[in-house]
Amino acid sequence: SVADSIERWLPEHPDATAAVLVPRNWRGYELSEALKKRKIEPVEMLGSTIATRMASGALANVLQYLSDPQSASKLSTAYRVWRRAVRDDDSDQADETRAIVERAATLIRKCPRLEDYLCPRLGRDWLEALGLADESAAVYDELAAFRDLAQRWQGATLLPIDQVVLTLSQDLFASPTDLAIAHKLAVLLRRAGEAHQDWRMPEMTEEIAVIARNERRFLGFSEDDSGFDPDKYKGRVVISTIHKAKGLEWDRVYLMSVNNYDFPSGMEYDRYISEKWFVRDSLNLEAEAMAQLEAAFSTDAYAWYEEGQPTRQARQDYVAERVRLLYVGITRARKELIITWNTGRDGSQQPALPLVALQSFWEANQSQ
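Cut-offs and rules
Residues numbered from 1 in each chain as written. Predicted model: local features only at pLDDT ≥ 70, side-chain atom pairs only at ≥ 80, totals over all residues. Heavy atoms only, no water. Salt bridge = Lys/Arg side-chain N within 4 Å of Asp/Glu carboxyl O. Buried < 20%, exposed > 50% of the residue type's maximum accessible area, 1.4 Å probe, protein only. Pairing = 2+ DSSP bridges. Helix = DSSP H or I, 4+ residues; strand = E, 2+ residues; numbered from the N terminus. Axes fitted to C-alpha atoms, helices over the stretch in contact; angles between N-to-C directions. Contact = heavy atoms within 4.5 Å. Expected span 1.5 Å × (residues − 1). Parallel < 35°, antiparallel > 145°, perpendicular 65-115°, else oblique. Nonpolar A, V, L, I, M, F, W, Y, C, P; charged D, E, K, R; others polar. Patch = residues over 30% accessible without salt bridge, like charges linked within 9 Å, V, L, I, M, F, W, Y side chains within 5 Å. Areas by Shrake-Rupley, 256 points an atom, 1.4 Å probe, with all protein chains shown as cover. Polar contact = N/O pair within 3.5 Å; in protein donor to acceptor, adjacent residues only side chain to side chain.

A.B. asks: Honestly, the pattern of salt bridges in this entry has me stumped. Any pointers?
C.D. replies: Side chains that differ in sign of charge can pair as their charged atoms come close. Summed over all chains, the structure comprises 25 salt bridges. Salt-bridge contacts for Glu306 lead to Arg312; the nearest nitrogen and oxygen are separated by 3.7 Å. For Glu306, a relative accessible area of 43% corresponds to the partly exposed category. Glu321 is the partner of Arg322 in a salt bridge, and the nearest nitrogen-oxygen pair spans 3.8 Å. For Glu321, a relative accessible area of 25% corresponds to the partly exposed category. Residues joined in a network through salt bridges with shared partners are Arg113, Glu115, Asp116 and Arg124.

Below, the structure written as structure tokens:
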């Protein structure tokens, strides 16, 4: 795999630059996770960095509970966020700790009345009624500690939204990078609140959630926000979309997913990202709708709409754009270029036609 190749190549080339170029962000995210499992920290030039998405996701999950404080499942998720470091713990006690966390999260999710847990009264204390103090003292202590924290979070909801985020961040994050991201998110939400006076906690939470889902670019603290120099990252691997790699060069470049879905060529068997399998005749609904509107409002008496023609034109335009993009990816390599393709989830994808032509050209010239 590409991750295996990078793991072998990097230690042998500490003074060289390398990049993996992907046609879409999600492919880059998958590779980034695979490299992290191999203890390789990539430099991301994708939508938002993993650190940004993880910090945003943690805050969004806790804010979702605070927006719906009667939801036991959301409180359980908030608890898991608070204890998320346990997942990456590889110490000798990790398995035992993970079991405690899992038991506590399950109990919270099944709590019938959260007020009996978070605001106990005489005769209505859910935690005491569980009888864990002697049987599972560690779980009891875990639930008691989280109750104190959840009460603190609930009290913070009386503050302005940016102060809420900063309060949560002190309990959720330890690294300077995560704390800095939380501060930027707090500023973002404060400005959003000033622009939308009617927004409440649910709307504010969604602002952070879209960043966590990478549906909106959020500038982090990497150099690609203001300019990127590959030579500053010798001995490391950069993961980038092909679009963002324009104008940059690396000693070794991996070009991934060069198949007939990401780079179609107008063949009958090609599939297109804008055409869904469940749509009749694989029509591009956006292209068809735009053509209908143009025909309806046209002042040309001879203008008409023919079903399927806008889809065919959209395919040609997309094919031309993807061939140009493939050229950009290929020409990012100074010395070495490695191109891979995949068959896709259903196994039907094939090598992109330009890749087949390039391979044939290379093989013909090798024999000379």
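Now, onward.
A.B. asks: Sorry if this is basic, but what is going on with the sheet that holds strand E3 (residues 237-241) here?
C.D. replies: Working definition: the strands of a sheet are paired by backbone hydrogen bonds and lie parallel or antiparallel to each other. Pairing is parallel across the open sheet formed by 5 strands, whose spatial order is E2-E3-E1-E4-E5. Every other strand in the sheet has two partners, leaving strand E2 (43-45) and strand E5 (333-339) as the edge strands with one partner each. Neighbour-to-neighbour, the strand axes of this sheet turn through a mean angle of 20 degrees, independent of strand direction. In the sheet, strand E1 (residues 18-22) pairs with E3 via 5 bridges, with the strands oriented parallel. Across the sheet, Leu21 pairs through a bridge with Ser240, a residue of E3. Contacts between helix H1 (residues 2-12) and the sheet are confined to E1, E3, strand E4 (250-255) and E5, with E4 contributing the most and set at about 165 degrees to the helix.

A.B. asks: Could you clarify how one ought to interpret helix H2 (residues 25-37) in this entry?
C.D. replies: In an α-helix there are 3.6 residues to a turn, and that puts residues three or four apart on one side. With 13 residues, H2 extends 19 Å between its outermost C-alpha atoms, agreeing within 8% with the 18 Å of an ideal straight helix rising 1.5 Å per residue. Taken together, the buried positions of H2 are Arg27, Gly28, Tyr29, Leu31, Ser32 and Leu35. Lys39, located one to two residues past H2, shows a positive phi value of around 65 degrees.

A.B. asks: Just to check I follow, could you spell out the packing of helix H4 (residues 72-82) against helix H9 (residues 137-156) for this structure?
C.D. replies: For any two helices packed against each other, the geometry is given by the interaxial angle and the distance between the axes. Orientation of H4 relative to H9, taken along the N-to-C sense of each, is 105 degrees, at an axis distance of 11 Å. If you check the angle between H4 and H9, you find them roughly perpendicular. On the side of H4, the interface is formed by Leu75, Ala78, Tyr79 and Trp82, while H9 contributes Glu142, Ala145, Phe146, Leu149, Ala150 and Trp153. Tallied by class, the residues present in the contact of H4 with H9 amount to 9 nonpolar, no polar and 1 charged.

A.B. asks: I tried to follow the side chain of Thr17 on my own but got confused; where do I start?
C.D. replies: Residue position: Thr17 is located in the loop between H1 and E1. In this structure Thr17 comes out as buried when scored by relative accessible area, which is 0%. Excluding anything up to four places from it in sequence, Thr17 contacts Trp9, Pro230, Asp231, Lys234, Trp250, Asp251, Arg252 and Arg334.

A.B. asks: Honestly, a nonpolar patch on the surface in this entry has me stumped. Any pointers?
C.D. replies: Taken together, the side chains of Met267, Tyr269, Leu353 and Val356 make up a nonpolar region of the molecular surface, amounting to roughly 320 Å² of accessible area. By secondary structure assignment, the location of Met267 is in the loop between E4 and helix H13 (285-297).

A.B. asks: Looking at this model, I keep getting lost on the environment of Asp231. Mind explaining?
C.D. replies: Assignment of secondary structure puts Asp231 in the loop between helix H12 (201-212) and E3. With a relative accessible area of 36%, Asp231 lands in the partly exposed category. Once residues lying within four places of it in the same chain are set aside, the contact partners of Asp231 are Thr17 and Arg334. Side-chain polar atoms of Asp231 contact the side chain of Arg334, separated by 3.3 Å.

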